[in-house]
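So the chains spell out like this:
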Amino acid sequence: MKAYRILPMSILGIVIVAIDQLTKFLVVKYMDYGASIPIIDNFLSITSHRNEGAAWGMLEGKMWLFYIITVFVIIMLLFFYKKEAKNDLLLQISLTLLIAGAFGNFIDRVLFQKVVDMIDTMIFSYDFPIFNVADSSLTIGVILMIIQIFSERGEANGN
């Protein structure tokens, strides 16, 4: 755990982006916009949806802002990876997930000026906003980073 894991992390990132783009391609090609396929009744469906904003449709129509922010964020994450993640596998994984998720949605924004979403969940009667593989990668990356930060704090405090 004392060295960069550039190749495995690169492969992980490429696989996530590939799965993200493949699922989006399949939804666009084979589903009409708004169509839904139930997977688990009252819990999970595949629904063809487009998002022209950020999470939950925030800042809709401000695509230029997303281009700038995403490029900046990806550059900062790569810099942070190189500078801070050398000896920390969990941090390497979390940063890889963040970079892959940001890049997956960036591809959509550049090519289509919107993001293709398809994972539609109902959690405890709450109709959660529709999301995609890149969004999942971002969320898991943030959760792992929070775990890493708290475990690092525990180690620093002697726990």
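All figures in this text were calculated on a predicted structure; none of them were measured in a lab.

Undergrad: Describe the nonpolar core, with residues and values.
TA: Judged by nonpolar contacts, Met9, Ile74, Leu77, Tyr81, Ala85, Leu91, Leu95, Leu98, Ile99, Ala102 and Met145 together constitute the single largest core of 11 residues. Elements that contribute at least two residues to this core include exactly α2 (63-84) and α3 (89-112). The contact partners of Ala85, leaving out residues within four places of it in the chain, are Phe80, Leu91, Gln92 and Leu95.

Undergrad: Please set out the environment of Leu91 residue by residue, giving values where relevant.
TA: On the secondary structure map, Leu91 appears in helix α3. Given the relative accessible area of 5%, Leu91 is considered buried. Separated by 57 residues in sequence, Leu91 and Gln148 have C-alpha atoms that sit 6.5 Å apart. Not counting the four nearest positions on each side in its chain, Leu91 is found in contact with Phe80, Glu84, Ala85, Met145 and Gln148.

Undergrad: Please provide a residue-by-residue account of the UniProt feature "active site" (unreviewed entry) in the protein chain, values included.
TA: Those places that UniProt annotates as "active site" (unreviewed entry) correspond, in this numbering, to Asp117 and Asp135. A maximum C-alpha distance of 8.9 Å is found for the annotated residues, which run over 19 residues; spatially they form one tight group. Position of Asp117 among the secondary structure elements: in strand β3 (residues 115-123). Residues contacting Asp117, with those up to four places away along its chain left out, are Thr47, Ser48, His49, Asn51, Ile130, Phe131, Asn132 and Asp135. Mapped onto the fold, Asp135 is located in helix α4 (residues 133-156). Exposure remark for Asp135: the relative accessible area of 21% places this residue in the partly exposed category. Setting aside residues no more than four positions away along its own chain, Asp135 makes contact with Asn105 and Asp117.

Undergrad: Residues and numbers for the pattern of salt bridges, please.
TA: According to the stated counting rule, one finds three salt bridges in the structure shown. Of the charged contacts in the structure, one is a salt bridge between Lys114 and Glu52, with a shortest N-O distance of 3.9 Å. In this pair, Lys114 is assigned in the loop between α3 and β3 and Glu52 in the loop between β2 (44-51) and α2, connecting sequence segments 62 residues apart. Via salt bridges that share partners, Asp20, Lys24 and Asp108 belong to a single interconnected network.

Undergrad: Describe helix α1 (residues 6-30), with residues and values.
TA: Here α1 is 25 residues long and its end C-alpha atoms lie 36 Å apart, about the 36 Å a rise of 1.5 Å per residue gives. Those residues of α1 not exposed but buried are Met9, Gly13, Ile16, Val17, Asp20, Lys24 and Val27.

Undergrad: Which residues make up the packing of α1 against α3, and what values do they have?
TA: In contact at an axis separation of 9 Å, α1 and α3 are set at 30° when each is read in the N-to-C sense. Read as a crossing pair, α1 and α3 show a hand that is right-handed. In this structure, α1 uses Met9, Leu12, Gly13, Ile16, Val17, Asp20, Gln21 and Lys24 to contact α3, whose residues at the interface are Leu89, Gln92, Ile93, Thr96, Leu97, Ala100, Phe103, Gly104, Asn105, Ile107 and Asp108.

Undergrad: So what's going on with the layout of surface pockets? Residues and values would help.
TA: Using a probe with the size of a water molecule, rolled over the atoms, empty space left in the structure can be pinpointed. In this structure, the second largest pocket encloses a volume near 290 Å³. What lines the second largest pocket is a set of 14 residues, among which Met9, Ser10, Leu78, Thr96 and Ile99 lie closest to the centre. Mapped onto the lining of the second largest pocket, the elements with two or more residues apiece are α1, α2 and α3. Among the elements that line the lining of the second largest pocket, the one with the most residues is α1, at six residues. Class assignment of the residues belonging to the lining of the second largest pocket gives a composition of 10 nonpolar, three polar and one charged.

Undergrad: Run through the packing of α2 against α3, naming residues and quoting values.
TA: Their axes nearest at 10 Å, the elements α2 and α3 cross at an angle of 160°. Compared by their axis directions, α2 and α3 come out roughly antiparallel. The interaxial crossing formed by α2 with α3 has left-handed handedness. Every residue of α3 that contacts α2 at Met63, Phe66, Tyr67, Thr70, Val71, Ile74, Leu77, Leu78, Phe80, Tyr81 and Glu84 is listed here: Leu91, Gln92, Leu95, Thr96, Leu98, Ile99, Ala102, Phe103, Phe106, Arg109 and Val110. Classifying every residue of the contact of α2 with α3 by side-chain character gives 17 nonpolar, three polar and two charged.

Parameters and conventions
Residues numbered from 1 in each chain as written. Predicted model: local features only at pLDDT ≥ 70, side-chain atom pairs only at ≥ 80, totals over all residues. Heavy atoms only, no water. Core = buried A, V, L, I, M, F, W, Y, C linked by side-chain atoms within 4.5 Å. Buried < 20%, exposed > 50% of the residue type's maximum accessible area, 1.4 Å probe, protein only. Helix = DSSP H or I, 4+ residues; strand = E, 2+ residues; numbered from the N terminus. Contact = heavy atoms within 4.5 Å. UniProt positions renumbered as here; feature names shortened; annotations may be inferred. Salt bridge = Lys/Arg side-chain N within 4 Å of Asp/Glu carboxyl O. Expected span 1.5 Å × (residues − 1). Axes fitted to C-alpha atoms, helices over the stretch in contact; angles between N-to-C directions. Left-handed = near helix turned anticlockwise from the far one by under 90°. 1 Å grid on protein atoms, 1.4 Å probe; cavity = no way out; pocket = protein on both sides within 12 Å on 5 of 7 lines; lining within 4 Å. Points joined across faces, edges and corners; volume = space filled by probe spheres on them. Nonpolar A, V, L, I, M, F, W, Y, C, P; charged D, E, K, R; others polar. Parallel < 35°, antiparallel > 145°, perpendicular 65-115°, else oblique.

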